[in-house]
Amino acid sequence: MSAPPTAATEEKLTKKALTADHPTWCPGCGDFAVLAAFYKVLEKLQYPHEKIVCVAGIGCSSRFPYFMNTHGIHFIHGRALPLATGVSLSRPDVHVFVFGGDGDGFSIGGNHLNHAARKNIKMTYVIMDNYVYGLTKKQTSPTSPVGFKSKTDPAGSIDRPINPMKQLLASGATFIARTHAAQVKHMVDTFERAILHDGFSVVECLSECVMFYEGSFDDSTPRKGGVFETIDESQHNVQDDIAAYQLADLPSPGKFGVFYQVQRPTKNALEQQWIEKTQATQNGQSGRDLLRRRLEGMR
Amino acid sequence: MSQSAAPTGASERTLRNAVIRLAGNSQDGIQSIGGILARLAGRTAQDVMTYMTIPSTISGGPSIFQVHLGSGEVLHPGDESDVLVAFYQHSYDSHISALRQGGICFYDSGEVTEVKHERGIVHIGVPFTAATVEATGGSARDRGKNIFVLGMLCAFFQLDREKIAGILARQFGRKDESVLRNAMLAFDAGYAYPVGDHSQFVFEPGEHLDDKRISSDGNTMLAMGLIAAGVRYGSAYPITPWSSIMEILRTELPRYGGIYVQAEDELAAVSMTIGAAYAGHLAVTGSAGPGLSLKMEALSYASMAEIPLLVINVQRGGPSTGMPTSVEQSDLMQAIYGSHGDCPRIVLAPQDVEDCFYIALEAARLAREYSCPVIILSDQALSSRIEAFSEPDLQKHWIEPQLDLSPRAEDFKPYPLDAITRHAPPGAKMAGKYPHVSGLEHDEHGHPSGNARMHQRMTDKRRDKLVALSKSLPLPEIHGDQEGDLLLISWGSNCGQIKEAVNRLRAEGHRVGAAHLRHLHPMPAGLDRLWAKFKKVAVAELNDVGLYGYGQLATLLRAAYAEPKIHSICKTDGLTFRISELVTRSEKLL
Ligand SMILES: Cc1ncc(C[n+]2csc(CCOP(=O)(O)OP(=O)(O)O)c2C)c(N)n1
Ligand code: SF4
Ligand SMILES: [Mg+2]
C-alpha cells in the first residue's frame, strides 16, 4: 500500500461529494453498479479527495470519469493505461484508477496491458467486460463467445475469445481478480483489495450490456438461475500461478475472486531508487550546477 | 582551402578555412577523430561544422566524416574537400572526385594501390596501418590508425598539439592506462611521420575569442535544452536518428529527480507523456517520421484537451523506413497537419546545433503559455553534426520545474472561452467541482457537449490563441541584400547553406538575400513584408516538389499568401544542400 488513508482531511469523502454528472448509460446497464461499488470503496478508504484520479479511454464504460467528482481524464481509445502510467510514475502522491471496456483493454489497448503489467506500475485497473462493443452498438469484442451474433458477425462469431485471467497471468500482473456487477458486496471487497495492493492490480468485472448483449451473464447470476461461485482461498494459494491458471481454465461461468497476488517491486519504486542512488553521488548540487558542469565538459 | 589574399613575406601560407574528408569504414573510428578535430576547433577559437554519413547496416561499412574548420564563421560542412584521407581503395575511388583541384590526398599506402594523377592533386602515401602497428608494438593490430592519422593531420596543419593531447587524455584516460599509452604512441608516430615538405599550413588565429566555447551535436543540445527548460518526464520508443536524445534523457534525468520511460511503442510513448503533462509536468516525447505518424491520434487529443506537450521529430528520409540514416525535411506537412480534425499546434525548427538548445527552451515556454502541443522538427543532419559555439549561460537560461498544486477557486473552469486554458492537475484541491480533461468537444467546465455553437466557439478558441502567437513572433532577419532579385528562404539545417550561397551569389554581383524560418506554425504574421522588395522568392528545402511543383514550405507560403513569385529549390538525395547546388539553381531563377 502506498499511502495509508489519511485521517487529517477536513473534508469527509461521501457519495454525495464523489458524485458528478448523472451517468449517461442505458437504464439497466451493469456499469451503474460498478460506479456504486466504487463510491462505496472510496467512502471506506477516505483518501484525500484531490489525490484521486480517474482515467479512461473510450467506450460506454470509459465514460466513468465524468460521473466521478474527482480529478479525471477521458483519453483516447485503448491508451488509458499508458496515460495512467505517465500519471502514476510522475506523481507518486496520487491514487490512479483506470476504467474501461473489453474492447478498450483487450483489443486496441491489448499490448499496453502486457507492458503496464510486466512493469508493475502502481495503479488499479477495472475492466468492465460486457463481451461486446457497447458504444459503437454491437460489434464483436475479443471476449465475445464463439457463436455470438453481432453486426460484424451476423452469422455468429467464429474467432476464439481471449481468456482474460490467463492473459493477465502471462503478462506478469501482480494482482488479478474477477468479479461481477450483479454482486455488489463482492465487487466492493475485490476493489478494495485491488486498491490496497502495492502494484499493478487488475479486476475484470463482468458487467452486462442490456442493450446489445442481454443475458450474457445469466449463467453466473443466481437470480437468473445461474451460479455465482467464489474462490475459496483456504483451498487456492493466490501466489501460485499454476493453480491460478487452472482456475482460469474452468468452463463458463468459472469462479470469482482473487486469482493471483504476489509482491514484486513496482516500477515506481525502482525508478525512485535509481533517482536516489544517482542523487546520492551528487553532493547536493543544484540542477543548474549539474547542467553547467555537463556543458563545461563540452569545452 | 581559402588562403589569405596576400601572405606577403611569410614562408607559411596561412589558411582561413579547410575541409578535411576522412573516408574509411565506420568501424575505423573516423567519427572519433573527426569529433576530436571539431572539439579542438572549439578550443582554439575556430569555427567548425561537420558532416557524416552513417551506413544503415549494423555491421558497418563505408562511411565518411567531413570536418570544415575555419578561423571566421563556418556556415556549411563544405561541398568539396581540400584534404582527403583515404583508408581503403574503395574510399579513394568513391571520394577522389570530391577532392578539389590541387587538393591533397593522404592514403594508406598499404591499402590503396591505384591512384589517379589528375587535376593537380598531391598524393601522399603513408602506410597508416603498418606504421600504427609498428608504433604500438603490434599487439593491438591496426587499432589506433585513426589516432595515427590524427597525429599526421595535427603536424600537417600545425594544430595545437597540447590541446589535442589533452582531449585524448580525457577521452581515453578513463579506460585502462595502456589504452591511453597506445593512443599517444600512435598519435606521436603520426605526428612525426615525414610527409615531405607540405607541412607548411597554418591557420590564421581563430576569431571566436569567447573563452567559453563548447562543441556538440544537435541531439545532445536538444537534450540539454530540455533539461534547462525544466523538462523532467516523458517517454519514447527508439528510432534513428532520435534515439540518442532519449538515451541521454533516460541516463541524465534521474540526476535531476526525473524519469524517462522507454515505452512499448509510440502510441504508449505519447500517451505516457500526455499523462505526465496532465499530472502537471512539462514532458517530452520524440521520434522520427514513422513514429510521429503513430502519435498523431494522441496529438489531436492534446490539441483538443489543450495539454501543453513537447514533441521532437528528428526527420530522416521517408516515406516508411525510407533512408533511415539520411537527411530529409519531408515531415513538415505531417507535423503541422498530420492528424484528424482541426488541431492547431505549434511547430518550430532549430536552425543550427546551438539553436537546438534555445529552441527547446522556446518550445517549453510556448507549450506552457499556449497550453498546446509543440513539435520541434529537427533533422538527421543537425542531429549528428558537430558545431562550436558559446556555452549557454544558465544564469539566464534555466527554468526550475514547478508543479502548481495550489487550490483552485470555486469559479475555476478548465476550458474558459475568454482565456487560455490552465489545467488544475491532480493533487490540486478544488473549491468547486473537480475538472474533467476531455477529448470530446466540451463546454467551459469540461462537460461533453454536442452543441454546434459550442464546437464552433471552442474551435475558434483553439485556433485564435495561435493566431495571437503569430502576431507576436518576430520576422526573420534578411542576410545579404535587403532588396533585390531573389530572396532565398529555408528552414531547419539549411540555414548556414543559404547564407553561404547568398554570399557567393553577391560576390558574383547578384542582388540576393536569405531568410530563415524557425517558426513554421504559426509563421510570423506579415511574412510577405520579407519579400515585398524582392522580384522572386525561392524556398530551399530537402523534400520533394510533389504533384504541383512545390516543396512543403513553399506550398504553405503560396497558400497563405497567394504569392506566385514563390519558387522551390528541392531535392531528396539524402544529402544536405551543397553550396554549388544552391548557387546554380538560384542562378536559373535570376
Ligand atoms: C481509434 C479509434 N478506433 C475506434 C473507435 C470507435 N470505438 C469507440 S468505443 C469502441 C469499442 C468499445 O467497446 P468496449 O471497449 O468494450 O467498451 P464498451 O462500450 O463496451 O463499454 C470503438 C470501436 C475510436 N473511438 N477510436
Ligand atoms: S450500450 Fe450497453 S454498455 Fe453501453 S450504456 Fe448501454 S447497456 Fe451499457
Ligand atoms: Mg465492451
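A short tour of the structure in this document, coming up. (Residues numbered from 1 in each chain as written. Chains lettered and ligands numbered in written order. Predicted model: local features only at pLDDT ≥ 70, side-chain atom pairs only at ≥ 80, totals over all residues. Heavy atoms only, no water.)

**Looking at the sheet that holds strand 15 (residues 373–379) of chain B**
All names here are of chain B. Defined as follows: Between any two strands, pairing holds if DSSP finds at least two bridges. A run of H or I in DSSP counts as a helix once it spans at least four residues, and a run of E counts as a strand once it spans at least two, with each numbered from the N terminus. Axis definition: a line fitted to C-alpha atoms, limited for helices to the stretch in contact. Angles are taken between N-to-C directions and run from 0 to 180 degrees.
Pairing in this open sheet of 7 strands is mixed, and the strands run 11-10-12-13-15-14-21 from one edge to the other. Strand pairing shows two members of the sheet lacking a second neighbour, strand 11 (259–262) and strand 21 (519–521), which therefore form its edges. Here the strands of the sheet are splayed against their neighbours by 20 degrees on average, with no regard to which way each runs. As judged from the 3 bridges shared by strand 14 (residues 346–348) and strand 15, these two strands associate in the parallel manner. The residue bridging valine 347 from the neighbouring strand is isoleucine 375, located in strand 15.

**Here's the deal with the interface of chain B and chain A**
In plain terms, the rule: Should any heavy atoms of two residues lie within 4.5 Å, those residues are considered in contact. Summed over both partners, the accessible area (1.4 Å probe) lost when two parts come together is defined as the buried area. Here a salt bridge means any side-chain nitrogen of Lys or Arg lying within 4 Å of a carboxyl oxygen belonging to Asp or Glu. In the scheme used here, Gly and all other residues not listed as nonpolar or charged are polar, with Ala, Val, Leu, Ile, Met, Phe, Trp, Tyr, Cys and Pro taken as nonpolar and Asp, Glu, Lys and Arg as charged.
Chain B puts 68 residues into the contact, and the matching count from chain A is 53 residues. At the boundary of chain B with chain A, total buried surface from both sides reaches about 5200 Å², with 59% on carbon and sulfur atoms. Contact with chain A buries surface across chain B, with Glu264, Tyr434 and His436 of chain B losing the most and accounting together for 13% of the total. Inspection of the region where chain B meets chain A yields 4 salt bridges. Residue assignment for the side of chain B that touches chain A shows that the elements contributing at least two residues are helix 1 (30–43), strand 9 (213–217), helix 7 (218–228), helix 8 (243–252), strand 11, helix 9 (266–278), helix 10 (289–305) and strand 17 (436–438) of chain B. The element that contributes the greatest number of residues to the side of chain B that touches chain A is helix 9 of chain B, accounting for 8 residues. Taken together, the residues of the side of chain B that touches chain A break down into 36 nonpolar, 17 polar and 15 charged. Where strand 2 (residues 71–74) of chain A and strand 17 of chain B come together, 3 bridges link them in parallel fashion. By the bridge assignment, isoleucine 73 of chain A is partnered in strand 17 of chain B with valine 437 of chain B.

**Looking at the coordination of the magnesium ion (ligand 3)**
Geometry sets the ideal angles at a metal, namely 109.5 degrees for four tetrahedral donors and 90 or 180 degrees for six octahedral donors. Residue and element names in this part refer to chain A. Applied cut-off: The donor set comprises N, O and S atoms within 2.8 Å of the metal, extended to 3.2 Å for Na, K and Ca; water molecules are omitted, so apparent gaps in a site may simply reflect that omission. Think of it in three bands: residues with accessible area under 20% of the maximum for their type are buried, residues over 50% are exposed, and the middle band is partly exposed, with areas taken using a 1.4 Å probe on protein chains only.
Bound to the magnesium ion (ligand 3) are the protein donor atoms Asp102 (OD), Asn130 (OD1) and Val132 (O), situated 2.0 to 2.2 Å from the metal. Site description for the magnesium ion (ligand 3): donor spacing in sequence, D-x27-N-x1-V. Pair noted here: aspartate 102 is in helix 4 (residues 102–108) and asparagine 130 is in the loop between strand 4 (123–129) and strand 5 (132–133), with a separation of 28 residues, a long-range link. Side by side, aspartate 102 and asparagine 130 carry an identical accessibility label, which is buried.

**Looking at the site of ligand 1**
For clarity, the cut-off: Distances are taken per atom, and a residue is near a molecule or strand as soon as one of its heavy atoms is within 4 Å of it. Here a polar contact means two N or O atoms within 3.5 Å. Within protein one must be a hydrogen donor candidate and the other an acceptor candidate, and residues neighboring in sequence count only if both atoms are side-chain atoms. Note on areas: these come from Shrake-Rupley sampling with a 1.4 Å probe, and a residue is covered only by the protein chains present in the view.
Residues in contact with ligand 1 amount to 17 residues; listed here are only the nearest, Cys60, Ser61, Asp102, Gly103 and Asp104 of chain A. Neighbouring residues of ligand 1 are not confined to a single chain but are spread across chains A and B. A distance of 2.9 Å separates an oxygen atom of ligand 1 from a polar atom in the backbone of glycine 134 of chain A. If ligand 1 stood free it would expose 580 Å²; the protein chains cover 76% of that surface. Elements supplying a minimum of two residues to the shell around ligand 1: helix 4 and strand 5 of chain A. Ranked by the residues each element gives to the shell around ligand 1, the list is headed by helix 4 of chain A, at 4 residues. Each residue belonging to the shell around ligand 1 can be placed in one class, and the counts come to 6 nonpolar, 8 polar and 3 charged.

**Examining the packing of aromatic side chains**
Here the distance between the centres and the angle between the planes together describe a pair of aromatic rings. Selection criterion: In this analysis, rings of Phe, Tyr and Trp, with Trp reduced to its six-membered ring, are considered paired at centre separations within 6.5 Å, and the interplanar angle assigns stacked below 30 degrees, edge-to-face beyond 60, and tilted for intermediate values. Lysine NZ or arginine CZ positioned within 6 Å of the ring centre and within 35 degrees of the ring normal marks a charge as sitting over the ring.
Across all of its chains, the model carries 20 aromatic pairs over all chains by this definition. Taken together, a centroid distance of 5.1 Å and an interplanar angle of 70 degrees make the contact between phenylalanine 38 of chain A and phenylalanine 97 of chain A edge-to-face. You can see phenylalanine 38 of chain A sitting in helix 2 (residues 31–45) and its partner phenylalanine 97 of chain A sitting in strand 3 (residues 95–101), a full 59 residues away along the chain. The pair phenylalanine 38 of chain A / phenylalanine 97 of chain A is uniform in exposure class, with both members buried. Considering the side-chain rings of phenylalanine 75 of chain A and tyrosine 301 of chain B, the 4.6 Å spacing of their centres and the 85 degrees angle between planes classify their relative orientation as edge-to-face. Taken as a pair, phenylalanine 75 of chain A in the loop between strand 2 and helix 3 (80–90) and tyrosine 301 of chain B in helix 10 lie in two separate chains rather than in one. Members of the aromatic cluster, connected to one another through ring pairs, are Trp25, Phe32, Phe38, Phe64, Phe67, Phe97 and Phe99 of chain A. A cation over an aromatic ring shows up here: arginine 161 of chain B above the ring of tyrosine 191 of chain B, its NZ or CZ 4.1 Å from the ring centre. Between arginine 558 of chain B and the ring centre of tyrosine 550 of chain B, over which it is positioned, the NZ or CZ distance is 3.8 Å.

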